[in-house]
Amino acid sequence: DTVMEKDEGKDDDEEEPMAKREVTRDNGLGTARTVALLVAASGDIHPDVSEQASSYLRAHMDSRRNVTGASVPSGDNRDDASKPNTEAGEIGQNKNDDVVPSSSPSHALLGQPIALACALLSLVLGDAVAVGIVRNLPATTAPPTLGSQIPHLNESTPVSTRSVVMSMKRRMVNDKISAAIFNFVACRVLDDEPRIFVLAGDANLTKDANSAAPLELAKRIGSLAIAAVSNLLGSGGSISSVGMASSRANPRVESARLLNSLCIRLSAFYDAMISVEEEEEKKSNIRDKHASSDTVATQLHGLLSKALAVSCLVLSGFSSPHTAGLSNQGSLDTRDFSYGVVCTLARSQFAASSTYTIFNRGELSQSSSQVASIATASLIFGCSANDHESLRPRAVAALDALLAAYCRVCDKERAEMQSNETSKDVEIDLSTVSNPWAEVNLTKNDEAASKAARSKLEGLSRSLLPLLWSAAQSNQPKASRLAAARWASDLVKPIDRANACHILCFLAGDVDPTASSVAKEGLGISEALKDGNIVGQSSPSENVLPDFHELVTVLFESKDKTHRNATKLTSSWVPMYEDFSPRGQGATLRLGLMCLLGDLYGGGDDAVEVYVSAICSTILPFKSHRGAALGREFVDLLDECSICLAGCLATSRFARVRIVSSSEKFTLEDISNLAISANSSKARRHLAKTLGLLYEDKKIWGQ
């Protein structure tokens, strides 16, 4: 490791001091080589060798556990000017190659973390595959390695030389060694060094020579790691690992752990690069964001997409009820890490990229409106319904992260629509414009852009509705129904209010109190249900409530072909108002009254007639239960019917005429009897108010 430089032409007196003549060429590579040998030996098939190597490795890693900012071996602290020009292939010849600061404890423990990780992953892949992957990557610096560079082979290489070189290439190690390598790289290299890919720390992280090295090294480690993980998990590895226990001897579990740790580090590095580029764009007033972020998008986006594709492939085997019973601890751990990959990528800037591969299971969509893809959402919804019970919270967390990603994208689309509509409404002074026809064409382009953005959002809503109805079924697990309520409230409602309220009204009567409360909060009736004086209350803003006529059409009309075409649903299971539970019917009637009070034109006579008929048909069975004990949910439904009937009659004169002139089973006499004998004092009070409203309007009696 130490080279003695001596000039034979000089006398002994003229020799420089030994400290100056010694040049350290190790630069941490000796430590990295030792650690690599110990890691590989810890997975040896012989127990004595593996136990002894594990003991040595554990002692080495624990030697600096409580040391912070420790010194490193001599030679690592030297200035770059005092370092010699090393041969190509040895890391350290360039100051850009030192990714981890020399004062870092992990640098003292691992020597060269980047070179160590690449060498270990090359053992898993085999030299021939690893060298091919690294050589296909664009690089301005030599790839890090712990040993000598193997000569490159081409067509002109002699056969004898080629055979010798091929005999020097190492083959893939066995599964036990692979598991030990995956665990070490994930836990010791990636998890213990959060800033492994960052050179300048908090300084300027721009696209100059200072940021080229970390970007290249991140891609090298990412490419090798994803290639190694794909060999194990790329063909449904989670299912094939069912018979293996959860331990370090399971390479599939450890490969999933490595993939999760890698995505955390790469996504953090990706977000840092994107944020810095956005700041530079604001300073330089660059409008074309895609042009400035092309480097990061092409260098790291592909790696993150491949990682997402592998994780989705692991989870796809357990989104069906047919494989729900094929789970042991090894398979559960593998899927647990896969859910972590989805959560990490959905919460990062990767989800906001223009390709939207996060929504299409890591693949580029063939459709132009890629935001409408629901492949990833459909997969995770299936897992939330069919995966093991212990993993359903992880599936719900993945759905929440994916929902947040959808909301960010939809907010961006709506902001562009509003900006285009605002620019369209600006008046143009033709006397001050040199070419007024150019302004007219600009307005047409804005209208086309707004129409395209609106079409994307509507397509997303149409795609999600059948998926949410399937997840909202009563026979689905609680996690699936809760996720359906959140998606309908946060994502679908701003796009399609009526159909989103249809789902929320059904889930408002769910047996699970959490799903029911989330649905009521999405409808905006959680506070209104506490007070029956809704007529005197101020209704929520109009952007929360759907149109009254559209809501009545969706919820109360019969399930005929015309209604199905109007709601644009293709699912065969779409419950209507009559199919709701008593709590769901009460929430539906209250929402209808709120929409009626918020309608400027009174809702229309046809819609009011349908709404009043729904109230009367709901309250009619209580006529035969006078004096009989009723359950809590039926008493609440009776209260809601009486409140909504009084509110509707106080608002609409057509409704009062409809009640007085009605020849149906629920007549004015029935209202009078219930106002006296109803089991609920609240219901009696509002039914008496209903009678007062009818008798005070003298004109309707003459008609």
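Before any of the text, the structure's been laid out above.
Residues numbered from 1 in each chain as written. Predicted model: local features only at pLDDT ≥ 70, side-chain atom pairs only at ≥ 80, totals over all residues. Heavy atoms only, no water.

A. How the structure looks around the environment of K456. Looking at the secondary structure, you find K456 in helix α18 (residues 436-471). The exposure class of K456 is partly exposed, given its relative accessible area of 25%. A sequence separation of 46 residues divides K456 from C410, and the C-alpha atoms of the two residues are 9.2 Å apart. (Helix = DSSP H or I, 4+ residues; strand = E, 2+ residues; numbered from the N terminus. Buried < 20%, exposed > 50% of the residue type's maximum accessible area, 1.4 Å probe, protein only.)

B. Broad picture of the pattern of salt bridges. In the structure shown here, the tally under the stated rule is 13 salt bridges. One salt bridge in this structure joins D336 and R394, with 2.6 Å as the shortest N-O distance. Placement of D336 in helix α15 (residues 329-347) and of R394 in helix α17 (residues 392-425) is noted, with a sequence separation of 58 residues between them. Judged by relative accessible area, D336 falls into the partly exposed class, the value being 27%. Across the salt bridge formed by D636 and R632, the nearest N and O atoms sit 3.7 Å from each other. A residue pair is termed a helical-turn pair when its members lie 3 or 4 positions apart in one helix, as D636 and R632 do in helix α26 (residues 632-651) at four residues. On the basis of relative accessible area, D636 is assigned to the partly exposed category, the value being 31%. (Salt bridge = Lys/Arg side-chain N within 4 Å of Asp/Glu carboxyl O.)

C. Region of the structure containing helix α21 (residues 513-523). Among all positions in α21, only A515, S516, V518, A519, K520, G522 and L523 are buried. Elements in contact with the buried residues of α21: α19 (478-492), α20 (497-507) and α24 (582-598). The first or second residue beyond α21 is G524, which carries a positive phi of 85°. (Contact = heavy atoms within 4.5 Å.)

D. How the structure looks around the environment of V612. Structurally, V612 is set in helix α25 (residues 605-619). Here the alpha-carbon distance between V612 and I659, two residues 47 residues apart in the chain, equals 8.3 Å. Each residue touching V612, except ones within four places of it in the same chain, is listed here: C648, A655, R658 and I659.

E. Geometry of the nonpolar core. By size, the foremost hydrophobic cluster in this structure holds 174 residues, and its most contacted members are F184, W487 and Y611. In terms of residues, this core owes the most to one element, α17, which gives 12 residues. Here Y611 is in contact with F548, V552, F556, L589, G592, L593, C644 and C648, once residues within four sequence places are set aside. (Core = buried A, V, L, I, M, F, W, Y, C linked by side-chain atoms within 4.5 Å.)

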